[in-house]
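Observations on the three-dimensional arrangement
If you want the building blocks of each chain, they are given just below.
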Amino acid sequence: MLTVVLSGLRARWASFLGGFVALALGVGLLATMGLGLSATLHAPERSPQRFASSPVVVQGQDRLTLDVRRGPETVSVAQRLDRPQPVDNKLLRELKARWTVTPSGGPDAVGVDAPAAEVRALVGDRAQVLTGDERRRADPDHDRDAEALVGVNALLGTSGGVTAFVSVFVVASTFAFAVALRRREFGLLRTAGATPGQIRRLLLAEAAALGVLASAAGCALGAAGAPLLARTLVDGGLAPAWFTVGGPAWPFHAAFWTGVTVALAGAVAASRRAGKVGPTAALREADVDADTLPLGRALLGMGLLLAGLGLLVWTYATDPSALLKRKTYTTLPMLLITGIALLSPLLVRPVARLLRLRGAVGTLVRENSAASVRRTAAVAAPVLVTVALAGTLFGSATSVTRAKGAEGREQTVAEYVVTGPALRPVTAPAGAVVSPTGPTSVFVRDGDAAVVKYGARAVTDPTAFAELARLPVVAGDPRDLDDRSIVVNEEFERRRVGETVEVWRADGTGPVRLRVAAVLALGTGDNGPYVTRANAPGSVPDRIDARGGGTATVRALETSGGTVRTADAWADAEHAPSGSPQARLGMVLVLGIALVYTVIGLANTLLMATSVRGGELASLRLAGATRSQILRVVTGEATLAVAIGTLLGLAVTALVLGALGAGLAALSAPVALALPWTTVGAAAGVCATVAITASALPAWRLTR
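Described in the following lines is the structure provided in the data block. This structure is a prediction, so every number in the text was calculated from the model and none was measured. (Residues numbered from 1 in each chain as written. Predicted model: local features only at pLDDT ≥ 70, side-chain atom pairs only at ≥ 80, totals over all residues. Heavy atoms only, no water.)

Here we come to the overall build of the protein chain. Counting its secondary structure elements, the protein chain contains 21 helices and 16 strands. Along the three orthogonal principal directions, the C-alpha set of the protein chain runs to about 100 × 60 × 50 Å. Looking at the protein chain residue by residue over its 704 residues, the buried ones come to 50%. Total accessible area on the protein chain is roughly 31,300 Å²; 59% of this is exposed by carbon and sulfur atoms. (Helix = DSSP H or I, 4+ residues; strand = E, 2+ residues; numbered from the N terminus. Buried < 20%, exposed > 50% of the residue type's maximum accessible area, 1.4 Å probe, protein only. Areas by Shrake-Rupley, 256 points an atom, 1.4 Å probe, with all protein chains shown as cover.)

Below is the structure:
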């Protein structure tokens, strides 16, 4: 068996080349992503900076700890505060009376030159006592390194998932089409006495050999590509400057065995199909596409399609805000893509027959595409993947960003908006209305089982805020906001006007009971809650809305130290349709992976398919067709297959964007859907170029 397998690989190396390259590239990408993920699991250890010379640090509490119910038991849940609490003055006096105390830039922490055990005995639970490396927790943004890796981790995880999905897709498609082209060979083997089990074992052995060789090559690619990935992430601003990869061996083991598994999984369905072929039937139908959609494939495709549609509907009905998240519109389309790709043989023939192409060339293109369903579907499938990912990724991201921009612009009637990290107070000129707001947080119990931290806005002047803001009010009136009330959104468990909400402030003080003054629609996620400055300790304005007063208002706003813009310019700058450069780089990375695989799949499929059409093309020459006409027929078939794949990809995009639009409407947010025609067109253009080239070259050689 091994001799037959190796001989087959040598004899048909061209048909296995595409699968080998796709699998090696997939394993290389998985190894690279795994090395990157391993580097994100732990931020580098940094020495304390703020209190480097103090052996002990006493810091105010930086967590809000509350008891919640978990089944029959009560457990403590901690939520991080916006900033640590100040050290109690009484405790500070006690520390100074016994030891040398070193203050450093704020009331939240002090250094103490004393034995740690004695300090803990004195402090008790009134504050935190930090020693050794824990002293880093007193540094500004001490966990910024860990937070910087969260986005990198999400990006690499998503990219790894897309890589695994597309590699399985391409490898399985390649094996299935290669088996379809080898039906005559299998028929001859069956005639010579080979059993169905031997045929299946032959194909699985070929897949295993291919998987081992390709996975080994992929691991070498991963080792070389991991440093390049790290530099790309750092240069693109996605990762901190210190980010590097390398070290652990588990990513190589995971990638290698995943590659072997993918190769075997891709060959299983094809081997079962090949084993069912009888000798006489194989010889009779060797050049005819019959039984192009077996019952098992049809049921699986329909199940995945219905599951994808059901998940869209369920997400819209239960949590429409999830449709706005990148994780949802990156992963959910994969079910739809796989389902439609499996059912594509049902769609190829009707779509091809609907075309009314003129002339002999057009007739041949239409009839050949309709007759060679497997070939057409095998070309359309990878195009479907690329176009669908391009449309859903870029379309959803652009639509969400546009909706946020439109929502932000609709919610203010200000003429000018000032933004900056810490704005100075501004005196409103005569005839002007000025409303500063700043970021804060509130903590609220969600039933008895959870404590939720909400990002809120602190209003300096409720009267001015109510005059300039146009919030999506569901009930109540924001003008009733005062120091004893709160404006909530529909996420809150208690959200009826007049009800009392028990909240803890951003510094952990509380609880305070605030009356619900108004309830806002959820929108894209930035609608409230709102509290006054009295309930937002430590909040500093980072935005000032202003209206009226003419040029005097502009001059006054310039003294705030922020960027002064018109409201329209502010909305355009804060919510650019292209999104942040980091987010766009991440989407380009994911789409690039899909596009590379599509190129490999298209080239491999069309090179194999066209190379075995020598007899057909020779018959056309004998019938009077010119070489140019034959080339137009072959490239026309490839172009038609790409067009079918593009239409199917656009159908997936329409489903996802339609659900997104319905979700935005359900959230009372502006519906501003955008289909990225440029990106989709570029992806389809690359696919068409590769398909035409990969079909024209062997056809040119066969018609010499």
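Attention now moves to the pattern of salt bridges. For the structure on display, the rule yields 11 salt bridges. Here Lys453 and Asp82 are joined by a salt bridge, their closest N and O atoms 3.3 Å apart. Here Asp82 lies in the loop between strand S3 (73–80) and helix H3 (89–98) and Lys453 lies in strand S9 (residues 450–459), a separation of 371 residues in the sequence. The class of Lys453 is partly exposed, set by a relative accessible area of 34%. Salt-bridge contacts for Glu502 lead to Arg513; the nearest nitrogen and oxygen are separated by 3.8 Å. Of this pair, Glu502 sits in strand S12 (residues 500–504) while Arg513 sits in strand S13 (residues 512–520); the two residues are 11 residues apart in sequence, bridging distant segments of the chain. In the salt-bridge network here, residues are joined through shared partners; they are Asp62, Arg63 and Arg137. (Salt bridge = Lys/Arg side-chain N within 4 Å of Asp/Glu carboxyl O.)

Peptide bonds are trans in most cases, and residues, glycine excluded, mostly fall at negative phi. Here the residue pair Gly510 and Pro511 is connected by a cis peptide bond, since its omega of 5° sits within 30 degrees of zero. Mapping Pro511 onto the fold places it in the loop between S12 and S13. At Ser668, a residue that is not glycine, the phi angle is positive and equals roughly 60°. Locating Ser668 in the fold gives a position in the loop between helix H20 (627–666) and helix H21 (677–702).

All told, the structure shown has 3 aromatic pairs when counted by the stated rule. Consider the rings of Phe256 and Trp257, whose centres lie 5.0 Å apart with planes at 90°: the pair is edge-to-face. Residue classification places Trp257 among the exposed residues on the basis of a relative accessible area of 53%. For the cation-ring pair, Arg627 lies above Trp700, with the distance from its terminal atom to the ring centre recorded as 3.5 Å. (Phe/Tyr/Trp six-rings, centres within 6.5 Å; stacked < 30°, edge-to-face > 60°. Lys NZ or Arg CZ within 6 Å of the ring centre and 35° of its normal.)

A word on the side chain of Gln59. By the element assignment, Gln59 lies in strand S1 (residues 56–59). A polar side-chain atom of Gln59 sits 3.3 Å from the main-chain carbonyl oxygen of Arg137. (Polar contact = N/O pair within 3.5 Å; in protein donor to acceptor, adjacent residues only side chain to side chain.)

Here the focus is the sheet that holds S1. Within the open sheet, the 4 strands sit side by side as S4-S5-S1-S6. Their pairing is antiparallel. Strands with a single pairing partner mark the edges of an open sheet, and in this sheet they are strand S4 (100–103) and strand S6 (128–131). Ignoring strand direction, the axes of neighbouring strands in this sheet form an average angle of 30°. Bridge analysis of S1 against S6 gives 4 bridges, and the strand direction is antiparallel. Residue pairing across strands places Val58 opposite Val129, the latter belonging to S6. Each of S1, strand S5 (109–113) and S6 is contacted by helix H4 (residues 116–123), which is oriented at about 170° to S6, the strand it contacts most. (Pairing = 2+ DSSP bridges. Axes fitted to C-alpha atoms, helices over the stretch in contact; angles between N-to-C directions. Contact = heavy atoms within 4.5 Å.)

What follows covers the pairing of S12. Two strands pair when backbone bridges link them, and strand S8 (residues 433–446) and S12 are joined in this way by 2 bridges, in the antiparallel orientation. Note on S12: the bridge partner recorded for Phe443 is Trp504. Where S12 lies against S13, 4 bridges are found, and the strand directions are antiparallel. In the strand pairing of S13, Val501 is matched with Leu514.

One recurring pattern in soluble globular proteins is that nonpolar side chains are buried together. Within the largest apolar cluster, 94 residues are counted, with the highest numbers of intra-cluster contacts made by Leu233, Phe243, Ile337, Leu384 and Val652. In this view, Val652 contacts Pro333, Leu336, Ile337, Ile340, Leu384, Ala388 and Thr392; residues no more than four positions away in its chain are not counted. (Core = buried A, V, L, I, M, F, W, Y, C linked by side-chain atoms within 4.5 Å.)

This next bit is on the environment of Thr158. Tracing the sequence through the fold places Thr158 in helix H5 (residues 144–181). Accessibility expressed as a relative area gives 29% for Thr158, which makes it partly exposed. Sequence-wise, Thr158 and Thr331 are 173 residues apart; in three dimensions their C-alpha atoms are separated by 8.1 Å. When near neighbours in sequence (up to four residues on either side) are disregarded, Thr158 contacts Thr330 and Val590.

The next point concerns the environment of Ala696. The topology assignment puts Ala696 in helix H21. When its relative accessible area of 22% is taken as the criterion, Ala696 is described as partly exposed. Taking C-alpha positions, Ala696 is 43 Å from Gly246, a pair spaced 450 residues apart along the chain. In this structure, Ala696 is in contact with Leu631 and Thr635, ignoring residues within four places of it in sequence.

On to the packing of helix H14 (residues 373–410) against H21. Contact geometry for H14 and H21: axes closest at 9 Å, N-to-C directions at 165°. Considering the angle they form, H14 stands roughly antiparallel to H21. By crossing handedness, the relation of H14 to H21 is classed as right-handed. On H21, the residues that touch Val383, Thr386, Val387, Ala390, Gly391 and Phe394 of H14 are Thr679, Val680, Ala683 and Cys687. Here the contact of H14 with H21 is built from residues that sort into 7 nonpolar, 3 polar and no charged. (Parallel < 35°, antiparallel > 145°, perpendicular 65-115°, else oblique. Left-handed = near helix turned anticlockwise from the far one by under 90°. Nonpolar A, V, L, I, M, F, W, Y, C, P; charged D, E, K, R; others polar.)

We now examine the pairing of strand S15 (residues 543–547). Where strand S7 (residues 416–419) lies against S15, 4 bridges are found, and the strand directions are antiparallel. Along S15, the bridge assignment pairs Val417 with Asp545.

Another point: the packing of helix H19 (residues 614–622) against H20. At their nearest, the axes of H19 and H20 sit 10 Å apart, and the two run at 140° to each other. Considered as vectors, H19 and H20 are oriented oblique to each other. Considering the relative orientation of H19 and H20, their crossing is right-handed. Across the interface between the two elements, Leu617, Leu620 and Arg621 from H19 touch Arg627, Ile630 and Val634 from H20.

Here H20 contains 40 residues, and its C-alpha end-to-end distance of 58 Å stays within 8% of the 58 Å for a straight helix at 1.5 Å per residue. Just downstream of H20 lies Ser668, where phi reads positive at about 60°. (Expected span 1.5 Å × (residues − 1).)

Another aspect to go through is H21. Given a rise of 1.5 Å per residue, 26 residues ought to cover 38 Å, and the 37 Å separating the end C-alpha atoms of H21 matches this to within 8%. Among the residues of H21, Thr679, Val680, Ala683, Ala684, Cys687, Ala688, Val690, Ala691, Ala694, Ser695, Pro698 and Ala699 are the ones counted as buried.

Function-wise, these values are silent; they only describe arrangement.
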